[in-house]
Amino acid sequence: MTPIRSSSNANPLRESVTEKRGEKHHSTLVKDRLRQIQRVWTAMTKFVASQTANGRTVDLPLAGKFKKQRKDGDEAENAPDKYCFMPHLDFIGSGHFKYPENDANISPFSKASASFAISLCTVSLTSIGAVCSLDRESVATALKSIFVEFIKAGRSGKYCKLDMRVGHLVAYPDGSLQFENYTEQRQNKAVDDGDYIDIVD
């Protein structure tokens, strides 16, 4: 039986060039993947923003429901719009999040949760795929990858925020989850330290 031997005619230069080509190809694939995720995120958040601005409640299956808050009678008509969020229970459970309630953060168990069933529409992965020239599965994978990273960052005690175009979903180092309107951002030292994930357009 002839033992397996390495070729004595191996060309180190050729192997180096082949290796570099492989690394370049991998880098290109990664960049393409990131651009694809960004396109999907942009299309999804534009849908959330446009539908909630028109008074509809938008259900994002991976996270929860968003809707525009009603303005009180004493609020000026030209005051900036504010939005609120009600998380899905599996989203809270996956991140082991604490969820302090306020005007922008509604518990699924509160009486106010009933208002999220009015004019409800669900984010369509098929429609987003059509906008991004992707199939439904690719869209689902892209969105899931973002929320998986968000949950991982939150569970590891990092400040992490996702730009939803109507405000930010924020995971704080203390384990709390909050939706924050652009005009009501909480101050956090982690922002200055750079210990966060920021998904923006």
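Basis of the calculations
- Residues numbered from 1 in each chain as written.
- Predicted model: local features only at pLDDT ≥ 70, side-chain atom pairs only at ≥ 80, totals over all residues.
- Heavy atoms only, no water.
- Core = buried A, V, L, I, M, F, W, Y, C linked by side-chain atoms within 4.5 Å.
- Buried < 20%, exposed > 50% of the residue type's maximum accessible area, 1.4 Å probe, protein only.
- Helix = DSSP H or I, 4+ residues; strand = E, 2+ residues; numbered from the N terminus.
- pLDDT = per-residue confidence, 0-100.
- Contact = heavy atoms within 4.5 Å.
- Expected span 1.5 Å × (residues − 1).
- Arc of directions from axis to C-beta.
- Polar contact = N/O pair within 3.5 Å; in protein donor to acceptor, adjacent residues only side chain to side chain.
- Pairing = 2+ DSSP bridges.
- Axes fitted to C-alpha atoms, helices over the stretch in contact; angles between N-to-C directions.
- Phe/Tyr/Trp six-rings, centres within 6.5 Å; stacked < 30°, edge-to-face > 60°.
- Salt bridge = Lys/Arg side-chain N within 4 Å of Asp/Glu carboxyl O.

### Concerning the nonpolar core
Phase 1 of the analysis: Core analysis: the biggest nonpolar cluster contains 40 residues, and Met44, Phe66, Phe85, Phe91, Phe150, Met164 and Leu169 have the highest contact counts within it.
Phase 2 of the analysis: Among the elements that line this core, the one with the most residues is helix H4 (residues 136-155), at eight residues.

### Some remarks on the confidence of the model for the protein
Phase 1 of the analysis: On average, residues of the protein carry a pLDDT of 84, and 76% of them reach 70 or more.
Phase 2 of the analysis: Of the regions scoring below 50 in pLDDT, residues 1-7 engages in zero contacts with residues more than four places distant in sequence or in other chains.
Phase 3 of the analysis: A low-confidence stretch, residues 187-196 (pLDDT under 50), is modelled with 12 contacts involving residues beyond four sequence positions or located in other chains.

### Points about H4
Phase 1 of the analysis: In a regular helix each residue adds 1.5 Å, so 20 residues correspond to 28 Å; H4 covers 28 Å between its end C-alpha atoms and thus fits that length.
Phase 2 of the analysis: Of the positions making up H4, those classed as buried are Val139, Ala142, Leu143, Ile146, Phe147, Phe150, Ile151, Ala153 and Gly154. For H4, the buried positions fall inside an angular range of 165 degrees around the axis, keeping them on one side. Opposite its buried face, H4 presents the exposed residues Glu137, Lys144 and Arg155, each directed more than 90 degrees away.
Phase 3 of the analysis: Where H4 begins, one side-chain oxygen reaches toward the backbone nitrogen of Glu137, 3.1 Å away; that side chain belongs to Asp135.

### Here we look at the sheet that holds strand E4 (residues 120-122)
Phase 1 of the analysis: Pairing is mixed in the open sheet, where four strands are placed in the order E3-E2-E1-E4. The open sheet has two free edges, formed respectively by strand E3 (83-87) and E4, since each of these has just one partner strand. The sheet shows a mean angle of 25 degrees between the axes of neighbouring strands, direction not considered.

### What about the side chain of Thr52?
Phase 1 of the analysis: Mapped onto the secondary structure, Thr52 falls in helix H1 (residues 12-53).
Phase 2 of the analysis: Looking at Thr52, the relative accessible area reads 0%, which means it is buried.
Phase 3 of the analysis: Not counting residues up to four positions away in its chain, the partners in contact with Thr52 are Val58, Phe66, Lys67, Lys68, Tyr83 and Val166.

### Structural notes on the packing of aromatic side chains
Phase 1 of the analysis: A complete count under the given rule lists nine aromatic pairs for this structure.
Phase 2 of the analysis: Taking the centre distance of 6.4 Å and the plane angle of 40 degrees together, the rings of Phe85 and Phe179 count as tilted. One end of the pair, Phe85, is in strand E3; the other, Phe179, is in strand E7 (residues 177-180), with 94 residues separating them in the sequence.
Phase 3 of the analysis: Using a relative accessible area of 0% as the deciding quantity, one classes Phe85 as buried.
Phase 4 of the analysis: Owing to a relative accessible area of 2%, Phe179 belongs among the buried residues under this scheme.
Phase 5 of the analysis: When the ring of Phe91 is compared with that of Phe147, the centres are 5.9 Å apart and the planes differ by 85 degrees; the resulting orientation is edge-to-face. You can see Phe91 sitting in helix H2 (residues 89-95) and its partner Phe147 sitting in helix H4, a full 56 residues away along the chain.
Phase 6 of the analysis: The class of Phe91 is buried, set by a relative accessible area of 2%.

### Thoughts on the pairing of E7
Phase 1 of the analysis: The alternating pattern of E7 places Leu177 and Phe179 and Gln178 and Glu180 on opposite faces, both of which are buried.
Phase 2 of the analysis: As defined by bridge partners, strand E6 (residues 168-171) adjoins E7 across four bridges and the pair is classed as antiparallel. Counted as the bridge partner of Ala171 is Leu177 from E7.
Phase 3 of the analysis: Between E6 and E7, which pair antiparallel in sequence order, lie five residues; one of them, Gly175, sits at a positive phi of approximately 90 degrees.

### Some points on the pattern of salt bridges
Phase 1 of the analysis: Here the structure, examined in full by the defined rule, presents three salt bridges.
Phase 2 of the analysis: With a shortest N-O distance of 2.4 Å, Arg35 and Asp32 are connected by a salt bridge. With a gap of three residues between them, Arg35 and Asp32 both fall in helix H1, about one helical turn apart.
Phase 3 of the analysis: With relative accessibility at 47%, the residue Arg35 sits in the partly exposed group.
Phase 4 of the analysis: The exposure class assigned to Asp32 is partly exposed, which follows from its relative accessible area of 35%.
Phase 5 of the analysis: The shortest N-O distance in the salt bridge between Lys152 and Glu149 comes to 3.4 Å. Taken as a pair, Lys152 and Glu149 lie in helix H4 at a separation of three residues, close to a single helical turn.
Phase 6 of the analysis: By relative accessible area, which is 48% here, Lys152 ends up partly exposed.

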